[in-house]
Each structure stands twice: as C-alpha cells, then as structure tokens.
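One-letter residues, chain by chain:
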Amino acid sequence: MTLRQEIVGNAMQMAVCTLQPGQTVYCEAGKFLFKTANVEMETRLSGPGGGGGQAAGGSGGSAGGGMGGMLRQAMGTAMQVGQRALAGESLAFQYFTATGGEGTVGFAGVLPGEMRALELDGARAWFAEKDAFVAAESTVEFGIAFQGGKTGRSGGEGFILEKFTGHGTVIICGAGNFIDLNPADFGGRIEVDTGCIVAFEEGIRYGVERIGGLNRQGLMNAVFGGEGLSLATLEGNGRVILQSLTIEGLANALKKAQGGDKQGPTGGMFSTHAG
C-alpha cells in the first residue's frame with residue numbers, strides 16, 4: 001500500500017500524509033504536528049525492524065514462543081534502544097494508524113529547511129545523517145549504522161548514520177535548500193563540508209579525510225578556512241542529497257545576532273564556540 005503524502009510549505013516544510021484504513025506510519029518522537037481524530041497514536045520503544053518488531057507496543061508478544069519469545073523480543077528492543085541512545089537519537093517512536101476510513105497526519109523537522117520523500121524498493125538502502133529522519137511507512141525498517149575511523153582514509157574520525165531498508169516511503173528533512181548530486185557525474189568523487197550531507201544511497205562510499213597535509217597551506221585551510229581539519233568524501237555511483245545550511249553555521253549566526261560572536265576572529269580550528 002503506497003503512502004500518499006504531500007510536502008507543503010517553503011522555508012519550513014511539512015509532510016501531510018493520507019493514510020488508508022489500517023495503514024501505519026511512524027515518526028521519531030518530536031516530529032509529529034497534527035492528526036485527524038480517527039488516527040490512533042501509540043508510542044513504542046521498538047522500531048518496525050530488528051529484534052523488537054512492531055509487537056513491542058502491543059499484546060501479541062507471546063506469539064513468538066512463550067517466555068523465550070518474549071525474552072528475545074525484550075532483548076531486541078533493549079538493543080535497539082541502546083543503539084539509538086548511543087547515537088544520540090530519540091529513544092521512542094510514535095506510530096499512527098488510520099481506523100474507520102482515511103486519516104490524515106502531519107509531520108515536520110526541527111530546523112528551517114526542506115523535506116524529501118524517498119521511495120525504497122528493497123534493492124538499495126538509504127543512509128542519512130543524525131536527526132534527518134522524520135517519518136516512514138511501517139514497512140520501512142529504521143536502523144543505526146556505526147562507521148569507524150578506518151572508513152575515512154586519513155581523517156581518523158568515526159560517524160553515526162541512520163539506515164533505512166525495506167519497501168515503502170521514508171521522509172527526511174534537512175536545513176536550508178537541497179541539491180541532488182551523483183559523484184559519478186564529477187569524476188566519481190566529491191568532497192563536501194561534513195555538515196552538508198543529508199542522505200545518500202547504498203553503494204556510495206562515505207569517508208572523512210584530513211584537509212591537505214601538515215604544511216603551510218594545510219594549516220591555513222584549517223585555521224582560516226572555517227572547515228576545521230577534515231572534509232567528507234563521497235565516491236561511487238548513486239544519489240546524494242546535500243543541504244545548503246549546516247547546524248553549526250546556523251548556531252553561530254544566531255549567537256552572533258545575539259551580540260556574542262563565539263567563532264572568534266579566525267573561525268576554523270580556533271573557534272571559541274562553547275557548544
């Protein structure tokens with residue numbers, strides 16, 4: 001059952017989803033806006049994929065083999081929650097199901113910017129930066145992908161990604177405006193600010209690399225360029241979504257507007273931003 005959805009708005013977009021009877025979508029806690037009265041809302045610790053399954057919020061948990069099945073289910077849910085806590089994600093999901101006819105539910109991100117509906121066909125997963133996830137059909141599985149420092153050839157930095165698999169629609173958000181690129185159209189590789197990546201298809205190799213060497217120009221880039229010591233690299237053939245506004249850039253602009261320029265005279269690695 002295809003999810004009927006419409007992205008509305010400009011500077012702060014919203015996703016308005018029309019649910020068929022019995023159809024379910026879920027969102028990260030804090031992304032819900034409104035719903036019609038015939039849409040039931042339920043909060044669960046488990047996502048639709050992984051060990052917890054959808055039954056973690058209902059009464060059907062005993063069907064998986066008595067106490068053993070319930071224990072496995074509880075352990076699966078605990079693992080999901082632990083991964084999300086380690087990644088700094090919301091601990092719970094909210095589920096919305098239409099009853100007695102069509103229902104409507106609306107979602108939004110937390111920053112001014114765009115939203116995008118991605119259609120998964122089961123062939124390729126999608127990866128997104130933390131906090132990009134807004135909502136998805138219950139047939140889409142949400143997971144956490146931990147990428148170690150060895151992925152970045154010389155950056156030595158690790159990063160955490162959201163991973164979406166299965167079939168159906170997943171809605172993501174970002175800050176500012178979006179641009180869609182394919183590294184294959186640019187010689188197979190692009191280098192971007194680490195805060196500009198929103199999402200990319202499976203098959204794209206994502207790494208973090210140091211900007212230049214420890215020489216005069218490398219130090220100039222790090223100290224005065226405002227990028228710090230690293231850039232993200234995206235290689236391969238597949239769809240990449242970038243955003244025009246970074247959260248750090250927005251935070252620095254707001255602090256400056258309030259009369260406290262925390263970035264210092266040079267920015268970059270000598271920023272005085274206190275977090």
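Report follows, based on the coordinates.

Conventions we followed
- Residues numbered from 1 in each chain as written.
- Predicted model: local features only at pLDDT ≥ 70, side-chain atom pairs only at ≥ 80, totals over all residues.
- Heavy atoms only, no water.
- Helix = DSSP H or I, 4+ residues; strand = E, 2+ residues; numbered from the N terminus.
- Buried < 20%, exposed > 50% of the residue type's maximum accessible area, 1.4 Å probe, protein only.
- Contact = heavy atoms within 4.5 Å.
- Areas by Shrake-Rupley, 256 points an atom, 1.4 Å probe, with all protein chains shown as cover.
- Pairing = 2+ DSSP bridges.
- Axes fitted to C-alpha atoms, helices over the stretch in contact; angles between N-to-C directions.
- Phe/Tyr/Trp six-rings, centres within 6.5 Å; stacked < 30°, edge-to-face > 60°.
- Lys NZ or Arg CZ within 6 Å of the ring centre and 35° of its normal.
- Salt bridge = Lys/Arg side-chain N within 4 Å of Asp/Glu carboxyl O.

1. Here we look at the overall build of the protein chain
And step 1. The helix and strand tally for the protein chain stands at three helices and 18 strands.
And step 2. A buried classification covers 44% of the 275 residues belonging to the protein chain.
And step 3. Restricting the contact set of the protein chain to residue pairs at least 6 apart, pairs at least 24 apart contribute 77%.
And step 4. Put simply, the protein chain shows about 13,300 Å² of open surface, and 55% of that area lies on carbon and sulfur atoms.

2. Quick look at the sheet that holds strand S16 (residues 205–210)
And step 1. The antiparallel open sheet is built from three strands, whose spatial order is S14-S17-S16. Both outer strands of the open sheet, strand S14 (189–192) and S16, are each paired with one neighbouring strand and no more. In this sheet, adjacent strand axes meet at a mean angle of 30 degrees when their direction is disregarded.

3. Points about the packing of aromatic side chains
And step 1. One pass over the full model with this rule turns up twelve aromatic pairs.
And step 2. Arranged with centres 5.3 Å apart and planes meeting at 70 degrees, the rings of Phe93 and Phe142 form a pair that is edge-to-face. Taken together, the residues Phe93 in strand S6 (residues 93–98) and Phe142 in strand S11 (residues 140–147) connect sequence positions 49 residues apart.
And step 3. Taking the relative accessible area as the measure of exposure, Phe93 reaches 2% and is therefore buried.
And step 4. Residue Phe142 is classed as buried on the basis of its relative accessible area of 9%.
And step 5. For the ring pair Phe96 and Phe107, a centre distance of 5.5 Å and an interplane angle of 75 degrees mean the geometry is edge-to-face. Here Phe96 is found in strand S6, whereas its partner Phe107 is found in strand S7 (residues 103–108), with eleven residues between them in sequence. Across the pair, Phe107 and Phe96 agree in class, each one buried.
And step 6. Linked through ring pairs, Tyr26, Phe93, Tyr95, Phe133, Phe142 and Phe164 together constitute an aromatic cluster.
And step 7. Stacked on the ring of Tyr95, the Lys or Arg Arg44 has its end atom at 4.0 Å from the ring centre.

4. Quick notes on the pattern of salt bridges
And step 1. Considering all chains together, one arrives at ten salt bridges under this definition.
And step 2. Glu102 serves as the salt-bridge partner of Arg4, at 2.9 Å between the closest nitrogen and oxygen. Of this pair, Arg4 sits in strand S1 (residues 4–8) while Glu102 is found in the loop between S6 and S7, placing the two residues 98 residues apart along the sequence.
And step 3. As a salt-bridge pair, Asp180 and Arg239 come within 3.0 Å of each other at their nearest N and O atoms. You can see Asp180 sitting in strand S13 (residues 178–181) and its partner Arg239 sitting in the loop between strand S17 (230–235) and strand S18 (240–243), a full 59 residues away along the chain.
And step 4. Look at Asp180 and you get partly exposed, because its relative accessible area is 34%.
And step 5. The partly exposed category is assigned to Arg239, whose relative accessible area is 30%.
And step 6. A network of salt bridges, in which partner residues are shared, links Glu114, Arg116, Asp180 and Arg239.

5. Points about the environment of Lys35
And step 1. Note that Lys35 resides in strand S4 (residues 32–35).
And step 2. Considering only alpha carbons, one finds Lys35 and Thr18, 17 residues apart in sequence, at a separation of 9.9 Å.
And step 3. When neighbours within four sequence positions are excluded, Lys35 is seen to be in contact with Met41, Phe96, Thr104 and Val105.

6. Let's talk about the sheet that holds S4
And step 1. What the four strands build is an open sheet, ordered S1-S2-S7-S4; its pairing is antiparallel. Since the sheet does not close on itself, it has two edges, and those belong to S1 and S4, each with one partner. In this sheet, adjacent strand axes meet at a mean angle of 20 degrees when their direction is disregarded.
And step 2. Here S1 runs beside strand S2 (residues 14–19); their pairing, made up of five bridges, is antiparallel. Looking at the pairing, Ile7 lines up with Ala15 of S2.

Function cannot be inferred from these measures alone, as they are strictly geometric.
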